Amino acid sequence: QELSKRGLGENIDLRVVQLPVAYQKAKEQVIKIWTTLQPLLAVHVGLASSATALILLEQCGRNKGYQERDACGFHPEGACCILDGPEKIESTINMKTLWKNISVEGIDIIFSRDAGR
């Protein structure tokens, strides 16, 4: 939300979408975003319940290992986001370089190659 206030410069159409903390609902919304908006780039910013004043720049996302139930009490089948999906997806954005070149007053920023672990 803060990024939408600051902007990204001219010719950048920034859309901020808040996803629910529910596996199935989030999946449906992400599919809708890709099919209707057809973005060139999507950035997921997650908030961990244990994190305060913290931004985690994740280089990759993992498909498996989801043991906790979501806000609706649902646990994904096989503890993964997409059955038979890839083990992980890597961002084409070099998050380590971004991490070295970004600072936000009062907020700790951490680079991670092990999303959610």
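None of these values were measured; they are calculated from a predicted model.

(A) Examining the packing of aromatic side chains more closely. Enumeration according to the criterion identifies three aromatic pairs in this entry. Between Tyr23 and Tyr66, the ring centres sit 6.1 Å apart and the planes meet at 75°, which makes this aromatic pair edge-to-face. Residue Tyr23 is found in helix α2 (residues 23-37), and its partner Tyr66 is found in the loop between β2 (60-62) and β3 (88-90); the two are separated by 43 residues along the sequence. You can call Tyr66 partly exposed: its relative accessible area is 25%. Joined through ring pairs, the aromatic side chains of Tyr23, Tyr66 and Phe74 make up one cluster.

(B) Representation of a nonpolar patch on the surface. A cluster of nonpolar side chains, namely Ile12, Leu14 and Val16, defines an oily patch on the protein surface of about 240 Å² accessible area. Its location among the elements puts Val16 in the loop between α1 (2-6) and α2. A residue is classified by how much of its surface remains accessible, and Val16, at 43% relative accessible area, is partly exposed.

(C) The arrangement of unusual backbone geometry in detail. For Ala79, which is not a glycine, the phi torsion comes out positive at approximately 60°. Inspection of the secondary structure puts Ala79 in the loop between β2 and β3. Exposure remark for Ala79: the relative accessible area of 12% places this residue in the buried category. A positive phi angle, close to 65°, is found at Asp84, a residue other than glycine. Mapped onto the secondary structure, Asp84 falls in the loop between β2 and β3.

Conventions and cut-offs
Residues numbered from 1 in each chain as written. Predicted model: local features only at pLDDT ≥ 70, side-chain atom pairs only at ≥ 80, totals over all residues. Heavy atoms only, no water. Phe/Tyr/Trp six-rings, centres within 6.5 Å; stacked < 30°, edge-to-face > 60°. Helix = DSSP H or I, 4+ residues; strand = E, 2+ residues; numbered from the N terminus. Buried < 20%, exposed > 50% of the residue type's maximum accessible area, 1.4 Å probe, protein only. Patch = residues over 30% accessible without salt bridge, like charges linked within 9 Å, V, L, I, M, F, W, Y side chains within 5 Å. Areas by Shrake-Rupley, 256 points an atom, 1.4 Å probe, with all protein chains shown as cover. Salt bridge = Lys/Arg side-chain N within 4 Å of Asp/Glu carboxyl O.

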